[in-house]
There are 4 protein chains.
Amino acid sequence: MPLVDAEELQKHSSPDDCWLVVNGVVWDLTEFAPGHPGGADIIQRYAGRDASRAYNNIHAPSLIQNELGDTKRIGDFDAASVSRGSDILTPPESPAAPPPPTAARDAGRRPLQTLLSTHDFEQAASENLSAKAWAFFSSAATDCITQRANEAYFDRMWLRPRILRDVRDVSCRTKILGSHVSMPLLASPTAMCKLAHPDGELVIARGCERGGIAQTISTNASFPLPEITAAADIPFFFQLYVNKDRSASEKLLAQAEQAGARAVFVTVDQPTPGKREADERVKADAAVLAPTPNGAKARNDAKGSGLGRTMAGYIDGGLTWRDIAWLRRVTRLPIVLKGVQTAADAVKAAEHGIDGLVLGNHGGRSLDTSTPSVMILLELQKMCPDIFERLEVFVDGGIRRGTDVFKALCLGARAVGMGRPFLYAANYGPEGVEHLIEIMREEFETTMRMMGCTDLSQLHPGLLNLCDVNHWYADGAQIFPARAKL
Amino acid sequence: MPLVDAEELQKHSSPDDCWLVVNGVVWDLTEFAPGHPGGADIIQRYAGRDASRAYNNIHAPSLIQNELGDTKRIGDFDAASVSRGSDILTPPESPAAPPPPTAARDAGRRPLQTLLSTHDFEQAASENLSAKAWAFFSSAATDCITQRANEAYFDRMWLRPRILRDVRDVSCRTKILGSHVSMPLLASPTAMCKLAHPDGELVIARGCERGGIAQTISTNASFPLPEITAAADIPFFFQLYVNKDRSASEKLLAQAEQAGARAVFVTVDQPTPGKREADERVKADAAVLAPTPNGAKARNDAKGSGLGRTMAGYIDGGLTWRDIAWLRRVTRLPIVLKGVQTAADAVKAAEHGIDGLVLGNHGGRSLDTSTPSVMILLELQKMCPDIFERLEVFVDGGIRRGTDVFKALCLGARAVGMGRPFLYAANYGPEGVEHLIEIMREEFETTMRMMGCTDLSQLHPGLLNLCDVNHWYADGAQIFPARAKL
Amino acid sequence: MPLVDAEELQKHSSPDDCWLVVNGVVWDLTEFAPGHPGGADIIQRYAGRDASRAYNNIHAPSLIQNELGDTKRIGDFDAASVSRGSDILTPPESPAAPPPPTAARDAGRRPLQTLLSTHDFEQAASENLSAKAWAFFSSAATDCITQRANEAYFDRMWLRPRILRDVRDVSCRTKILGSHVSMPLLASPTAMCKLAHPDGELVIARGCERGGIAQTISTNASFPLPEITAAADIPFFFQLYVNKDRSASEKLLAQAEQAGARAVFVTVDQPTPGKREADERVKADAAVLAPTPNGAKARNDAKGSGLGRTMAGYIDGGLTWRDIAWLRRVTRLPIVLKGVQTAADAVKAAEHGIDGLVLGNHGGRSLDTSTPSVMILLELQKMCPDIFERLEVFVDGGIRRGTDVFKALCLGARAVGMGRPFLYAANYGPEGVEHLIEIMREEFETTMRMMGCTDLSQLHPGLLNLCDVNHWYADGAQIFPARAKL
Amino acid sequence: MPLVDAEELQKHSSPDDCWLVVNGVVWDLTEFAPGHPGGADIIQRYAGRDASRAYNNIHAPSLIQNELGDTKRIGDFDAASVSRGSDILTPPESPAAPPPPTAARDAGRRPLQTLLSTHDFEQAASENLSAKAWAFFSSAATDCITQRANEAYFDRMWLRPRILRDVRDVSCRTKILGSHVSMPLLASPTAMCKLAHPDGELVIARGCERGGIAQTISTNASFPLPEITAAADIPFFFQLYVNKDRSASEKLLAQAEQAGARAVFVTVDQPTPGKREADERVKADAAVLAPTPNGAKARNDAKGSGLGRTMAGYIDGGLTWRDIAWLRRVTRLPIVLKGVQTAADAVKAAEHGIDGLVLGNHGGRSLDTSTPSVMILLELQKMCPDIFERLEVFVDGGIRRGTDVFKALCLGARAVGMGRPFLYAANYGPEGVEHLIEIMREEFETTMRMMGCTDLSQLHPGLLNLCDVNHWYADGAQIFPARAKL
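For every chain, the first residue of the written sequence is number 1, and numbering continues from 1 along that sequence. Each chain is given a letter, starting from A, and each ligand a number, starting from 1, according to the order in which they appear as written. Under the rules for a predicted model, residues below a pLDDT of 70 receive no local features and side-chain atom pairs below 80 are neither given nor counted, while totals for whole chains, interfaces and linings still include all residues.

In the annotation of an unreviewed UniProt entry, the entry for chain A reads L-lactate dehydrogenase (cytochrome), and the organism field reads Hapsidospora chrysogenum. The Subcellular location (unreviewed entry) field of the UniProt record for chain A holds the comment "Mitochondrion intermembrane space". UniProt positions are given in the numbering used here, feature names are shortened, and annotations may be inferred rather than shown by experiment. Quoted verbatim from the Catalytic activity (unreviewed entry) field of UniProt, the annotation for chain A is "(S)-lactate + 2 Fe(III)-[cytochrome c] = 2 Fe(II)-[cytochrome c] + pyruvate + 2 H(+)".

What follows is the structure, encoded as structure tokens:
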């Protein structure tokens with residue numbers, strides 16, 4: 001492997017000829033940059049420079065080698081060749097400062113044992129995370145109406161506790177897609193967990209292992225899938241954004257099977273990126289303040305350029321029901337559709353032989369004023385109650401309390417997914433994730449006992465008073481069937 | 001053209017003999033003043049003085065010549081005749097200071113590329129505009145309940161996204177009253193755009209051209225209609241307040257036809273001016289602080305004297321259905337009624353052969369607690385669904401998001417109108433207006449894709465969950481038909 | 001008339017022998033004090049002293065002579081007999097300082113012409129009135145839920161404007177109990193108007209004369225009825241709290257007839273005083289801070305001691321339907337029941353030959369969570385619509401806008417009453433009251449025009465959309481008829 | 001009784017050999033500590049030390065002797081044996097400072113006579129109590145939704161006052177479980193009243209005696225039951241948490257009978273402790289700040305460790321309907337179930353021969369989003385109205401106004417319970433409790449008069465307008481009966 005000096009490196013500092021140093025190795029990223037999920041801009045900004053810090057903030061060390069292979073590896077970088085006082089290799093200051101080292105970060109944080117609920121984790125994250133990370137994780141589509149409704153509609157369902165039952169021994173164990181778990185709670189796939197903790201998704205995996213629950217790994221995870229699955233002995237599922245380049249997706253599916261994933265969750269609620277204004281605002285403000293190295297003013301067009309937008313560029317907006325057959329061909333894993341939002345599509349999924357559904361709206365991140373997640377579940381109960389016998393139904397979005405888990409299960413869900421809280425807990429390492437799971441377990445068990453239940457098989461809709469939401473699916477509430485064309 | 005000196009000018013400084021200098025020309029406004037849409041007071045205040053600054057804040061340079069013709073033009077003003085130190089020609093200080101020059105104004109403004117939504121434009125306008133302009137544009141009737149409801153009721157309609165459709169290619173093109181446009185969004189008529197930008201309506205026209213949409217021009221535009229239509233190559237419509245003096249309206253209609261307007265939008269929801277307290281408060285407070293030149297104390301009677309009130313003085317409160325025949329006689333343009341608020345009147349309009357309807361309540365500026373605009377649309381869907389086949393239905397009021405456009409179209413609207421946001425965008429020039437349109441287009445296209453739609457013909461009410469508003473038109477909700485007398 | 005000196009006066013300074021000086025005259029109030037509507041305490045506090053200032057804050061100069069006659073008039077007070085430096089005749093400092101003289105008060109007030117609505121008058125009153133007066137006028141029962149609902153429920157009724165009607169000429173004239181008035185607005189009876197203006201009810205009378213409307217005079221008015229009726233040429237009505245001592249009421253009724261009152265409004269919604277905490281808090285706090293003259297600590301028992309409570313002591317809680325016959329015997333005036341709150345009692349009133357009803361809940365001052373006033377009106381429309389042909393129905397409580405008046409008339413009311421706003425306007429003198437009436441008239445006429453109406457006979461329920469309140473009287477909403485016993 | 005010196009005492013300073021000094025007496029608490037309702041931790045913290053201050057904050061002086069008897073009493077402590085300057089006997093500083101002596105506390109408090117309502121008492125308590133006591137008393141489960149709903153749902157029921165009835169003489173007297181009381185208000189059982197006042201439950205008893213109402217005494221009262229019942233001559237009821245060790249409960253029941261309790265209220269709505277975050281936060285924060293004496297860091301596990309949690313350790317989660325028979329065997333007292341939350345369980349209770357029910361949800365302290373208390377009452381009225389003839393129904397939770405009492409009685413309740421307000425009033429001693437009762441009585445009597453009622457037998461549901469809550473039990477609102485399995 002040749003040694004590349006600074007003078008040589010700087011000869012390749014344009015978009016058309018783009019070399020970068022990452023962790024002491026020189027890579028040629030000219031061809032890769034345009035297809036970079038995070039956007040070409042961020043790579044080309046570092047052309048002829050050292051991008052290690054920016055890279056490490058986001059990606060696992062092994063990713064670049066796995067992704068590019070040896071052909072794009074030019075050589076090792078000769079650090080001694082940099083002339084004293086030169087700052088040409090200094091990476092341009094990122095508008096969002098990198099997070100301080102762990103020790104410093106820990107100093108000002110609320111101690112883990114003072115966090116009593118998912119809300120406490122959220123509050124702590126808003127204090128601990130960088131502005132950019134907080135904006136990316138916490139933001140939702142436009143006016144955040146669906147995001148708030150996801151939580152609020154659980155609170156509009158009242159519980160009807162039964163008394164004088166022996167509730168000393170409560171079991172919350174269940175099976176998800178054939179895998180045993182200690183409770184009906186699933187870590188949802190979340191992108192770029194490295195923004196929350198240097199060890200990213202590995203931290204969530206280790207915490208889930210301690211808590212005995214399953215994890216779903218995002219296509220956009222910071223770490224390669226095999227590294228995550230190697231980190232813990234739990235059931236893993238793999239979330240797939242289908243790539244415009246189907247062969248890329250096929251490669252990912254093969255990798256997932258090999259790494260032991262037990263099902264693939266195909267995301268269907270984001271054919272195009274959602275508009276998350278908080279996320280885009282961080283980028284828009286930064287673009288105004290910080291000119292790009294070449295002096296050109298960064299442009300923030302109407303399509304936005306937040307983290308969410310730039311990462312979603314490769315997703316195939318042309319995915320249709322016909323592609324289910326393709327999926328079946330290229331993987332033996334059970335297939336779950338993630339982001340089903342109507343009873344009609346749930347029935348269609350069953351007809352297509354799908355194994356499971358995640359009801360939800362991408363945590364309110366896709367389309368604002370779309371139906372709150374638990375209300376989709378109610379729609380299935382009202383309109384196609386037999387669906388729960390035909391496939392496994394999960395619900396994701398707005399779950400923050402043990403009572404929410406209980407309500408979802410009463411309405412027919414096999415388990416619930418929770419996303420943002422796991423990211424916020426990951427900031428505290430595996431202990432944080434474990435603490436979060438124990439809080440949810442304790443709340444859920446308390447709810448079981450208070451409701452007079454000892455086993456998940458005892459849950460049913462009659463334990464809820466749905467008076468405040470029943471008008472959603474009253475006769476005619478769905479309106480205009482005669483005009484329906486779609 | 002004779003030269004008029006200062007001494008002569010000051011001989012004509014009473015309401016009964018009222019000369020003014022405007023941009024170097026002396027005009028006799030004695031006869032015109034009582035019929036001035038902006039009130040006689042503001043003209044008579046400048047009798048025997050130079051009114052250029054006040055005039056230019058509001059009106060296009062050409063307007064006075066177009067309006068008065070040569071007969072009232074006395075001559076050019078001899079500026080040299082003003083004695084040194086004399087301030088008799090100085091215009092009295094207006095309570096609302098004139099806006100600073102453009103460059104100064106730009107200095108403190110949020111950069112255009114940081115504005116991500118109509119809400120951002122509104123926020124920026126509240127910071128950038130003069131207090132008087134902001135009050136005039138943003139205000140609504142009395143307690144602003146309808147204004148807020150116009151927006152809020154869109155948010156009470158939930159979306160039901162369909163999945164796994166090929167949404168790579170989305171078309172938003174449509175036809176409005178026979179004219180092709182790039183999307184179903186229309187710039188609503190708004191008065192006095194010069195308060196937002198020196199080039200007033202011209203700016204909106206140029207921005208709409210870049211965005212490929214149509215514009216409606218107000219009777220109370222700051223610039224003469226032909227100057228606006230000359231500014232851009234887009235479909236224009238002309239909004240008409242019918243004058244008590246019908247010949248004045250006939251003259252305007254002829255001018256509109258000649259200038260190429262493609263339809264006339266006759267306003268029917270404001271037979272008398274609405275009470276906009278924020279607008280009137282600016283004037284009321286000013287009147288208390290600033291005595292009129294002749295020492296008399298300005299009077300703010302109970303009828304109010306905000307900009308909205310004074311401009312509306314010439315509108316004919318006696319306009320009835322019988323006048324449709326008159327309109328048909330005096331113009332060949334398609335006729336649209338702007339401000340229809342009940343299904344009963346929609347049906348009546350169809351029976352009168354009207355070509356289109358704008359459902360709305362004047363942006364909440366006419367009568368508070370009148371029906372929110374999108375709910376009028378729902379009333380038509382419930383009570384006379386065939387109306388949508390008989391004429392084109394538009395809705396105006398409360399549209400702020402691409403999802404709002406989508407919902408209106410699902411309920412049968414051909415397109416939507418948006419007013420205030422265009423004024424706020426005009427403050428940033430044509431680029432601002434273009435940026436606004438692109439934001440709305442991007443949001444609307446994103447909504448189309450998220451909903452699984454690629455063409456406007458696919459939209460229908462079944463894509464909405466109307467659970468939270470369906471009680472509006474439930475059986476009996478309309479009440480007391482037996483007692484109806486009107 | 002003998003001259004009484006200070007030494008003699010001070011011999012009568014106990015509850016059992018209680019002389020006071022009022023405006024230079026010495027009165028023996030020993031017998032009167034226990035029946036004083038404002039409580040014995042406030043009189044006995046001044047035993048042996050000069051009470052002029054406290055008296056004049058509340059009462060008209062003539063009241064004491066009218067009430068007590070000559071028998072209790074001991075003589076004139078010899079002011080020269082007070083020894084220098086003596087403060088024994090100085091009235092104890094009232095916790096609530098007396099209002100400053102008019103001129104001083106005017107200095108800091110918002111100018112009348114800047115007040116644009118009833119809300120502005122309320123805001124101004126909160127700034128201008130003494131804490132005690134504001135508390136007494138503005139307060140309502142306990143948590144003020146009904147007070148707020150009185151206003152809010154008008155806002156939950158939507159208007160359905162009709163277009164293209166000739167609305168140039170609008171008439172708001174109507175008849176109330178046989179008397180012609182310029183609009184369907186009535187000044188409700190309000191107690192102790194002197195707290196708002198030194199000329200108290202006289203000011204309201206003079207303002208109503210300018211505005212052409214009628215006034216109702218409270219039993220607890222600051223001025224004697226004949227002085228008020230002499231102040232203006234308008235229709236007057238007399239509000240009666242029936243006294244435990246019926247002969248006192250008979251005397252008042254005779255006085256009312258003689259003074260030209262055209263009807264008697266018998267209050268039936270306050271058989272016991274309501275609990276108005278703001279009012280009582282002023283008194284409670286004062287009692288803690290200011291010991292009584294004799295050193296005893298003032299007691300604030302659980303029954304409260306606000307102005308409202310102390311004034312209500314003489315009201316007869318034993319008044320029943322049987323007393324209607326007594327009323328008919330002792331007066332020839334039409335009888336109106338003020339404070340009817342159910343359809344059942346409205347029907348009962350018609351059966352008893354009552355001439356009119358004021359629907360309402362004492363402005364929310366009697367019983368919290370009692371039915372909002374406009375909803376009582378709706379109850380009559382739904383349950384006994386023929387009642388409107390049998391007697392005149394008024395509604396009082398929550399009217400703040402011209403749209404409120406319009407809605408009440410659509411639902412069958414003959415006219416509406418408004419209370420607090422008249423008190424707040426009285427603070428500005430007759431001009432204030434006139435300004436208030438003109439604001440309401442302008443708003444009401446604007447509403448008429450916007451709705452397409454020119455005459456009160458055209459108003460009917462179909463002009464309203466009652467969707468948000470119709471569930472109030474849906475089938476079964478009234479519940480449990482089988483169990484009703486009362 | 002031997003004298004124990006400091007040197008000897010310190011030999012017994014481990015969990016396995018644990019002596020403590022309490023008020024001059026040395027006790028061996030080794031065996032008792034693990035079963036201590038307040039947790040073993042707090043006792044073992046004082047092993048070998050003087051625990052008097054911590055003990056007296058919580059417990060009555062006599063409690064330790066009653067609980068442990070003579071066998072664990074080692075001897076008197078020789079205070080002279082403590083070496084000068086030694087602090088080994090000084091109790092470790094409690095994180096929550098002890099309340100200041102009464103006199104000091106009184107200094108800054110709002111005077112009792114300025115408190116006009118239960119809300120005022122609550123406000124005063126939030127100012128007067130220690131942070132720990134306030135957290136323990138005021139907290140409720142997780143997001144406090146049920147706690148707030150308990151109050152709010154009373155406000156959603158409107159009153160329909162009837163007029164012209166003779167309401168001079170009103171009687172509020174009634175019988176509760178055979179005992180005469182002056183009004184239908186009951187002091188609910190509340191734990192650890194000593195945190196509010198040094199004389200704890202004795203204060204409530206004395207205040208209830210003055211007010212003529214009954215008191216329910218908690219199993220977790222600060223004082224022994226016989227001391228409380230000896231303090232006042234009123235009807236007492238005994239609240240029982242059934243102990244895992246049934247013989248302990250039997251002992252308590254025997255004691256209650258002997259002390260004259262007239263019924264036993266068996267709590268059935270808390271088979272496991274609720275999660276009250278405010279309560280746990282005080283402890284969690286303290287644990288972080290204050291290391292335990294032995295240097296180990298206090299652990300705040302996910303199960304929480306607030307006062308509520310630690311006290312609930314002995315409660316039997318295995319209590320079932322079958323245990324009713326056991327209760328009947330071991331006590332002759334009438335049995336009331338406290339915490340019934342469904343009509344189904346109310347019917348079941350009647351079938352088991354239960355004498356009374358307290359409908360409620362433990363003041364919102366057990367399970368969040370469980371049904372608001374007054375809505376349980378409505379459920380019984382709608383679903384099993386005959387239940388009110390079969391046993392006495394009480395309702396507890398959210399009662400804050402006289403109108404609330406009235407509404408509960410209209411819906412069939414025999415009386416209502418009120419908890420937190422009595423604790424807040426106890427802070428002011430017996431006068432405070434008496435003042436609270438008089439406020440409630442005055443409000444209730446006022447409500448009776450305003451409603452046209454003079455006797456509790458006249459109350460019925462028709463006096464309420466339930467329009468805003470009737471959808472709770474509309475047809476189908478309860479949903480899915482076919483699927484009900486429990």
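Picking up where we left off.
(A) Spatial organisation of the interface of chain C and chain B. Here contacts are defined at the residue level, using C-beta atoms placed from the backbone and a cut-off of 7 Å between them. Taken together, the contacts link 37 residues of chain C with 44 residues of chain B. Runs of E in the DSSP output that reach at least two residues are strands. Runs of H or I that reach at least four are helices, and both are numbered from the N terminus. Put simply, the parts of the chain that give the side of chain C that touches chain B at least two residues each are strand S7 (158-159) and helix H20 (429-451) of chain C. Looking at the side of chain C that touches chain B element by element, the count peaks at 9 residues for H20 of chain C.

(B) Just unusual backbone geometry, in detail. The backbone phi angle of Leu177 of chain C is positive, close to 50°, even though this residue is not glycine. With respect to the helices and strands, Leu177 of chain C occurs in the loop between strand S8 (174-176) and strand S9 (179-181). Remark: C-beta atoms are placed from the backbone, and a residue is labelled buried if 20 or more other C-beta atoms sit within 10 Å of its own, exposed if 12 or fewer do, or partly exposed between those counts. For Leu177 of chain C, a count of 22 C-beta atoms within 10 Å translates into the label buried. The phi angle at Leu164 of chain D is positive, at roughly 55°, despite the residue not being glycine. You can call Leu164 of chain D buried: it has 22 C-beta atoms within 10 Å.

(C) View of the sheet that holds strand S15 (residues 356-359) of chain D. Residues and elements named next belong to chain D. Each pair of strands is called paired provided DSSP finds at least two bridges between the two strands. As summarised here, the arrangement of the 8 strands in space is S10-S11-S12-S13-S14-S15-S16-S17, forming a closed barrel in which the pairing is parallel. Pairs of neighbouring strands in the sheet enclose a mean axial angle of 30°, with direction left out of account. Bridging between strand S13 (residues 264-267) and strand S14 (residues 335-340) involves 4 bridges; their strand directions are parallel. Directly across from Val264, in S14, lies its bridge partner Ile335. Orientation is described by lines fitted to C-alpha atoms, with helices fitted over the stretch in contact, and by angles between N-to-C directions that extend from 0 to 180 degrees.

(D) Here's a closer look at the domain arrangement of chain A. All names here are of chain A. Under the domain assignment used here, chain A contains domain 1 (3-81) and domain 2 (119-134 + 141-276 + 315-476). Here the limits of each domain have been adopted from an automatic or database domain assignment. One C-alpha centre belongs to domain 1, the other to domain 2; they are set 36 Å apart. Across the contact, 8 residues belong to domain 1 and 7 residues belong to domain 2. Among the elements of the structure, helix H3 (52-58) and helix H4 (63-68) are those that each provide at least two residues to the side of domain 1 that touches domain 2. The residue makeup of the side of domain 1 that touches domain 2, split by class, is 4 nonpolar, 4 polar and no charged. All amino acids are sorted into three groups, where Ala, Val, Leu, Ile, Met, Phe, Trp, Tyr, Cys and Pro are nonpolar, Asp, Glu, Lys and Arg are charged, and the leftover types, Gly among them, are polar.

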